[in-house]
Amino acid sequence: MNQTTLLKKIKQELLSDHEKTKQMPLLQKLQYYFMYYKVPLILCTALTAILISICYSRSQSLEYVFDAAFLNASHTTQDEAIGRDFLLTLNMDPGKYAVSIDSGMQIEGNSQASIASTEKLFSKINAQMLDACIMPKHLFTEYARQHAFADLRDILTDSQLEIYQGKLFYTDGIPTGIYAEAFPRIAAAGLYSSGSCPIYGVAGNTAHPDTSSLFLDFLNTTR
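Residues numbered from 1 in each chain as written. Predicted model: local features only at pLDDT ≥ 70, side-chain atom pairs only at ≥ 80, totals over all residues. Heavy atoms only, no water.

## Let's talk about the sheet that holds strand β1 (residues 63-70)
Right, on to step 1. Spatial ordering of the open sheet is given by β2-β1-β3-β6-β5-β4, a layout of six strands whose pairing is mixed. Edge positions in the open sheet fall to β2 (97-102) and β4 (168-171), since each of these has one partner strand only. In this sheet, neighbouring strand axes are inclined to one another by 25° on average, regardless of whether the strands run parallel or antiparallel.
Right, on to step 2. Two elements, strand β3 (residues 132-136) and strand β6 (residues 198-202), share five bridges in a ladder whose sense is antiparallel. What sits directly across from C133, in β6, is G201.
Right, on to step 3. Relative to β1, helix α8 (residues 209-219) is tilted by about 55°, and along the sheet it contacts β1, β2, β3, β5 (174-179) and β6. (Pairing = 2+ DSSP bridges. Helix = DSSP H or I, 4+ residues; strand = E, 2+ residues; numbered from the N terminus. Axes fitted to C-alpha atoms, helices over the stretch in contact; angles between N-to-C directions. Contact = heavy atoms within 4.5 Å.)

## Here we look at the side chain of T171
Right, on to step 1. Mapped onto the fold, T171 is located in strand β4.
Right, on to step 2. A distance of 2.8 Å separates the side chain of T171 from the side chain of T176, its partner in a polar contact.
Right, on to step 3. Here T171 is in contact with A144, R145 and T176, once residues within four sequence places are set aside. (Polar contact = N/O pair within 3.5 Å; in protein donor to acceptor, adjacent residues only side chain to side chain.)

## Quick notes on the pairing of β3
Right, on to step 1. For β3, a buried count of five out of five residues is recorded, marking the element as mostly surrounded by other parts of the structure.
Right, on to step 2. Here three bridges tie β1 to β3, and the two strands are oriented parallel to one another. Across the sheet, A69 pairs through a bridge with C133, a residue of β3. (Buried < 20%, exposed > 50% of the residue type's maximum accessible area, 1.4 Å probe, protein only.)

Next up, the structure:
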């Protein structure tokens, strides 16, 4: 649904709501709007709070040099360790710099948790906070069709493209992802179950393309 269509739909819904409620007493109107818009309001408020919290914490302390998300991960306790190890690989002082790894987003079905994760993902992408992510193939395919991921020919070196040639995932003939199930660090952390077919991609508007390239190689090595 494009933006124009969405705006028309919202306008129609508001007009319809106005017709339904114009004869209601004020208290009944307030109850109606609260019940009808309760979930969207809660989700928007929660998402705004999350983004404000992230931005505030970053501005107050460490400089974040990379941000990655592991969507629909089955094991979510390795975020800090993976981030710390990657930072050390970059030879950066953990007292000044940080890497953000988020494996808590779960997008599956129409649950409130899934909707909130979807909103969080797109908000981070739109705010140019997310650099790279891994997600199961069916999700990656959906988001790749929405042009969420970069052309890897613009991100990786020629030698990397040659190394990963047999693992490239294509969207309309463009290499947008790399099959990551066999990556040693992914397997060692138990992030994805067998058969989930996770794929690594780089956000199309990443602020750290070079670091995204380094993170790919990091995941494909042992400790």
